[in-house]
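# Analysis of the macromolecular model
What follows is each chain in one-letter form.
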Amino acid sequence: MTGDAHSELLAEVLSRYERSPNPRLREITEAAIRHLHAFAEEVNLQRDEWFAGIDFLTATGQLCDGNRQEFILLSDTLGLSSLVEMLTHDGVEGSTENTVLGPFYVPGSPARAKGESMLVDPDDGDRVVIRGTVRDIDGQPIAGAVLDCWQNATAGFYAVQQPDEQSPENLRGIYTTDPDGSYEIRTVRPVPYPIPSDGPAGDLLKAHGRNWMRPGHTHMWVRADGCKELITHVFDEETEHLRDDAVFGVRDSLVRRFEPDDAGELATTFDIVLDRA
Ligand code: BEZ
Ligand code: FE
């Protein structure tokens, strides 16, 4: 078949969407078709390779259930989730950057008082403090903003990954800002950890000699009335894998150094600016 025949086929396929009643769905579907055809043409995709791709996607779907979302993990490791985060954050100057949600968020974390530790179980990691102020884009402190936080233990895993070893509420907590917008979280220093690599997404990383580690970070999901939700991380400046995060989630603006504060605690400041809703 010639290039002309390929173009005719593509035009014929696209023409079937002309009467679609949903303009956004049509835009997305047509773009996906155009890019899929261009991709197959670029690599001269052969039938056995197409089958291998179908098998790969089938295995990815078969691993998904209420607890495991292998398609999101695949999207994460291809950088697609990170790109979608960049596109979703409309980049109002000065607002805190967002990054990937990840699979280990569990709703319903315990409410914690200002300064309380999220650490519930024994852990020999360094104790750290993350403190700051939540403000709106005009610089006004936000009272009552909610910071839903979660991170891994020094063993490298989140509580939800180790139901037999960790208490369900270990290293999770919901903090609320004071009238001056301030918050304070006590926790352990987050450590680098492996993303789940025992499925098709991990197989693809291994087939390409890529690593499946993430740099140490604490997750935050910040909500306040009248503001856009912010899903973000605080990264430790001294952690490994800042430059080769398996899921491309690192943003320079989210990296912080932990240093002894006046009370001798290892602490960092992470001020947050939320976009208007
Ligand atoms: C996480 O940070 O928890 C995470 C994000 C993407 C994939 C796996 C883990
Ligand atoms: Fe994480």
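As shown above, the structure is provided for reference.
Below is a summary of the structure that appears in this document.

Moving on, we come to empty space enclosed by the protein. What the rule picks out here adds up to two cavities of 30 Å³ or more. Quantified by volume, the largest cavity comes out at close to 90 Å³. Of the residues that constitute the lining of the largest cavity, the class distribution is eight nonpolar, two polar and two charged. The computed volume of the second largest cavity comes to approximately 30 Å³. Taken together, the residues of the lining of the second largest cavity sort by class into seven nonpolar, two polar and one charged.

Looking at the iron ion (ligand 2), one finds its protein donor set to be Tyr158 (OH), Tyr193 (OH), His217 (NE2) and His219 (NE2), positioned 1.9 to 2.1 Å from the metal centre. Classification of the site at the iron ion (ligand 2) as irregular follows from its six donor atoms and the range of 54 to 165° in their angles at the metal. Mapping the donors of the iron ion (ligand 2) onto the primary sequence gives the spacing Y-x34-Y-x23-H-x1-H. Taken together, the residues Tyr158 in the loop between β2 (146-151) and β3 (172-176) and His219 in strand β7 (residues 217-223) connect sequence positions 61 residues apart. Since its relative accessible area comes to 2%, His219 is described here as buried.

Definitions and limits used
Numbers given to residues run from 1 along each chain, matching the order in which its sequence is written. For naming, the first written chain is A and the first written ligand is 1, with later ones following in the order written. For a predicted model such as this one, the threshold for reporting local features is a pLDDT of at least 70, and the threshold for listing and counting side-chain atom pairs is 80 or more; totals across whole chains, interfaces and linings nevertheless cover every residue. Note that water and hydrogens are dropped before the side-chain values are worked out from all heavy atoms of the structure. Of the grid points, spaced at 1 Å and generated over the protein atoms alone, those admitting a 1.4 Å probe that cannot get out make up cavities, while open sets with protein on both sides within 12 Å along at least five of seven lines make up pockets; any residue with an atom within 4 Å of a point is treated as lining. Grid points are joined across faces, edges and corners, and a volume is the space filled by probe spheres set on the points. Classification used: nonpolar for Ala, Val, Leu, Ile, Met, Phe, Trp, Tyr, Cys and Pro, charged for Asp, Glu, Lys and Arg, polar for all others including Gly. Metal donors: N, O and S atoms at distances within 2.8 Å, or within 3.2 Å for Na, K and Ca, with water omitted from the atom set so that some sites may seem incomplete. Think of it this way: with four donors and all angles in the 85 to 135 degree range, the site is tetrahedral; with four or six donors, opposite ones beyond 155 degrees and the rest between 65 and 115, it is square planar or octahedral; otherwise it is irregular. Note on conventions: DSSP H or I runs of at least 4 residues are helices, E runs of at least 2 residues are strands, and numbering of each starts at the N terminus. Relative accessible area decides the class of each residue, using a 1.4 Å probe on protein chains only: under 20% of the type maximum gives buried, over 50% gives exposed, and in between gives partly exposed.

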